[in-house]
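Chain by chain, the residues run as shown.
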Amino acid sequence: MTATSPLTRRAVFAQAWPIMLGQASVPLVGIVDTAVIGRTGDATALAGVALGATIITLVFWTFGFLRMGMTGLTAQAQGSGDRAEVEALLLRALAIGLGLGFVLLAISWPVREAALAIMSGTPAVDAEASGYMQGRFLGAPAALAVYAINGWLLGLGRTREALALQIAMNVANIALDIGFVWGMGLGAYGVGLGTACAEGIALLLGLLIVGRVAGANILALVARTPRSLLTDRARLGKLFAVNRDIMIRTVALLILFTWFANAGARLGAATLAANHVLLQFVSFAAFILDAFAFTAEERVGSAYGKRDRDRFMRAVRLTGEFSLLSGALLALAFFVLGGPLIDFLTTDAEVREVARAYLPFAALIPLIGMPSYMMDGVFIGTTRGRALRNAGVAATVLYIALDLLLRPFDNTGAWIAMTASYLLRAGGLALYFPALLKDIRQTEAPKSA
C-alpha cells in the first residue's frame, strides 16, 4: 500500500503539506458558513449557527476516535507488515461508523432538544440553532464513516488521497451552503443541510479512493478478509480499549469548548457571535498545526510498530520543529491581518467591536497551543489511550475551575482560561512521555541480547 519513506525534513514536509492544505480547507468551510450567515447582517442567525455548530461538534466529534484511533492502529499494523490487519481495521471502523451514525440520526430530535435546554441561548438563537442541527444530523452516518476513511489513509501515510477527499467535501460544502442560504433562503437550516449533503458526497468518493489504495473495491475487500480476523477477540479488544479511552478524552475536550461557547452565550448574542468569529481563527490554526501532528501520528506509530527508538525520537523532533515554526507564523499573521478578517466575517458593528477587543487571545493560541497538538500526535500514534484520557480529563476539570474563578472578569476571564487550557493539555501528556520512552527501550532489549 505504501512504503516507509526516509525520515528527513524534506520527507516530513512532503507528507505534511497535503494534510496542511486539506486541513486548512476545513476551517475555510467554517469561515464560509460564518460569512454566508454573517453577511446577512443578522446577528441572531449567526449566533444560532455558532451555538448549533458547537453542539454538533460535541456530538459528532465524540466519535472522533474513528479517525484518531484508526491512524495509530493502522500505522502500527503497517509498520509491522501486517497487511491483512490493515484492511481489517478499515472494515471494522466503517461498520462501527455507519452503525453509530444511523443511531445518531434516529435519536437526533431528543439530543437536539436536550442540548439546547442545557445551553444558555435566547429563544430566538435556539430556534436558529435547532434548524442548523436538524440539517447536520442528516449527514451523521456519512460523517462518521468518513472519519474512519480519513484515519485509515493518514495511518498509511496516504496524505495526498486524504487531501483530495477533504477538498472535494469542502468545495461541495461551500457551493451547497451558498446555494441553500443565498439562493433558496433556507437560513441556518440551509448551512446544516449543505454540510450533510457534502458529507454524503465525501463518503462515496472516499470508498472509491479506498478501492484504489487497497487495489480492490470495498465489496472485494469484504469478500477477501477472513471473518475470523474481523471478529478476533484480542484485536477487537485492543480496538475498543484504545477507542474507549480516546472517546473519553475527546468528550472531555469537547466539554471544554462547549463550556467556552456557553460562557459567550451567557454574556449575550453579540459576545457569543464575536467569540465564534474568533474561534474561526483558532480552528484555522488548529488544522494547520494538526498537519504536523497527523504526520507525527503516522511516523511515530510506524516507528513504534517497528520498535525503533531512534526513529521514534527523530520523528518527534522533526515534526516538532515544523510545528513550532507554523505556530509562530500563524500568531504573527493573526495579529497583522485579524482586524480585516473580522470585518469580512461579519457586518454587525457590535460583533466587530467585541471580536477586535479579544483578538490578541485568539492570535496567541497557535504559539501557546503548539505543544499540545504535537503531544496529541505522539500519543495518538502510539495508541496510548490511557495517557490521552487522563490528561484530557484533568485539563478540562482544571479549565472549568479556572473559568469559574475568573468569571468576575467576564469575557476576558473566559479567554484567559481558554488560553491556559492548551498549556494544561500539553503538561498533562508531558508527564507520561518518560514512561513511553522507557516502554520502547524495554521492548528493544531482547533484540540486543
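Keep in mind that what you see is a predicted model, and the values were worked out from it rather than measured. (Residues numbered from 1 in each chain as written. Predicted model: local features only at pLDDT ≥ 70, side-chain atom pairs only at ≥ 80, totals over all residues. Heavy atoms only, no water.)

Caption draft 1: Examining the overall build of the protein chain more closely. The helix and strand inventory of the protein chain stands at 19 helices and zero strands. Along the first, second and third principal axes, the C-alpha set of the protein chain runs to 70 × 45 × 35 Å. Taken across its 449 residues, the protein chain has 57% of its residues classed as buried. For the protein chain, long-range pairs separated by at least 24 residues make up 84% of all intrachain contacts whose partners lie at least 6 apart in sequence. If you sum the accessible surface of the protein chain, you get close to 17,400 Å²; carbon and sulfur atoms cover 67% of it. With 36 positive and 28 negative side-chain charges, the protein chain shows a spacing of 11 Å between the two charge centroids. (Helix = DSSP H or I, 4+ residues; strand = E, 2+ residues; numbered from the N terminus. Buried < 20%, exposed > 50% of the residue type's maximum accessible area, 1.4 Å probe, protein only. Contact = heavy atoms within 4.5 Å. Areas by Shrake-Rupley, 256 points an atom, 1.4 Å probe, with all protein chains shown as cover. Lys, Arg positive; Asp, Glu negative; His and termini not counted. Charge placed at Lys NZ, Arg CZ, Asp CG, Glu CD.)

Caption draft 2: Quick look at the packing of aromatic side chains. In total, this model carries eight aromatic pairs according to the counting rule given. Judged by centre distance (6.3 Å) and plane angle (25 degrees), the ring pair of Phe312 and Phe433 falls under stacked. Placement of the pair is Phe312 in helix H14 (residues 309-345) and Phe433 in helix H19 (residues 433-448), with a sequence separation of 121 residues. Take Phe433: its relative accessible area is 18%, and that puts it in the buried class. Centre to centre, the rings of Tyr358 and Phe361 are 6.5 Å apart; their planes meet at 25 degrees, and the pair counts as stacked. A residue is classified by how much of its surface remains accessible, and Tyr358, at 17% relative accessible area, is buried. (Phe/Tyr/Trp six-rings, centres within 6.5 Å; stacked < 30°, edge-to-face > 60°.)

Caption draft 3: Region of the structure containing the packing of helix H3 (residues 65-79) against helix H12 (residues 233-266). Two elements in contact, H3 and H12, have axes separated by 9 Å at closest approach and are oriented at 140 degrees. The orientation of H3 with respect to H12, classified from their angle, is oblique. In this structure, H3 meets H12 at a crossing whose hand is right-handed. Of the residues in H12, those touching H3 at Phe65, Met68, Gly69, Leu73 and Gln76 are Lys238, Leu239, Val242, Asn243, Ile246, Met247, Arg249 and Thr250. Each residue belonging to the contact of H3 with H12 can be placed in one class, and the counts come to seven nonpolar, four polar and two charged. (Axes fitted to C-alpha atoms, helices over the stretch in contact; angles between N-to-C directions. Parallel < 35°, antiparallel > 145°, perpendicular 65-115°, else oblique. Left-handed = near helix turned anticlockwise from the far one by under 90°. Nonpolar A, V, L, I, M, F, W, Y, C, P; charged D, E, K, R; others polar.)

Caption draft 4: Fine view of the nonpolar core. If you look at the biggest cluster of nonpolar residues, it comprises 135 residues, and the most contacted ones within it are Phe60, Trp152, Phe312, Val378 and Phe379. Top element by residues in this core is helix H13 (residues 269-306). It accounts for 19 residues. (Core = buried A, V, L, I, M, F, W, Y, C linked by side-chain atoms within 4.5 Å.)

Caption draft 5: The arrangement of the side chain of Gln76 in detail. Examined against the element boundaries, Gln76 turns out to sit in helix H3. Look past the residues within four positions of Gln76 in its chain and what remains in contact with it is Lys238, Gly301, Tyr304, Gly305, Gly381, Thr382 and Thr383.

Caption draft 6: Representation of the pattern of salt bridges within the structure. One pass over the full model with this rule turns up 14 salt bridges. One salt bridge in this structure joins Arg244 and Asp245, with 3.4 Å as the shortest N-O distance. For Arg244, a relative accessible area of 46% corresponds to the partly exposed category. Residue Glu321 pairs with Arg317 through a salt bridge whose shortest N-O separation is 3.2 Å. Residue Glu321 and its partner Arg317 are both found in helix H14; the two are separated by four residues, about one turn of the helix. Connected through salt bridges with shared partners, the residues Arg83, Glu87 and Arg224 form a single ionic network. (Salt bridge = Lys/Arg side-chain N within 4 Å of Asp/Glu carboxyl O.)

Caption draft 7: Unusual backbone geometry, seen in detail. In this structure, Thr383 takes a positive phi of about 50 degrees despite not being glycine. Looking at the secondary structure, you find Thr383 in the loop between helix H16 (359-381) and helix H17 (385-405). For Thr383, a relative accessible area of 13% corresponds to the buried category.

Caption draft 8: Region of interest: a nonpolar patch on the surface. A cluster of nonpolar side chains, contributed by Leu332, Phe335, Val336, Leu337, Leu341 and Leu364, occupies part of the molecular surface with about 550 Å² of accessible area. Ranked by the residues each element gives to the nonpolar patch, the list is headed by H14, at five residues. Along the polypeptide, Val336 turns up in helix H14. (Patch = residues over 30% accessible without salt bridge, like charges linked within 9 Å, V, L, I, M, F, W, Y side chains within 5 Å.)

Caption draft 9: Up close: H13. For H13, spanning 38 residues, the distance from its first C-alpha to its last is 52 Å, which sits close to the expected 56 Å at 1.5 Å a residue. Along H13, the helix axis deviates most sharply at Asp290, where the bend reaches about 30 degrees. Taking burial as the measure, the 38 residues of H13 include 32 buried ones, the bulk of the element. Once H13 ends, the next one or two residues include Arg307, with phi positive near 60 degrees. (Expected span 1.5 Å × (residues − 1). Bend = angle between axes of the 7 residues up to and from the residue.)

Caption draft 10: Representation of the packing of helix H2 (residues 43-61) against H12. Close contact between H2 and H12 brings their axes to 9 Å; oriented N to C, the two are set at 175 degrees. In terms of their interaxial angle, H2 and H12 are classed as roughly antiparallel. Across from Thr54, Thr57, Leu58 and Trp61 in H2, the residues of H12 making contact are Thr250, Leu254, Ile255, Phe257, Thr258 and Ala261. Residues of the contact of H2 with H12, tallied by class, amount to six nonpolar, four polar and no charged.

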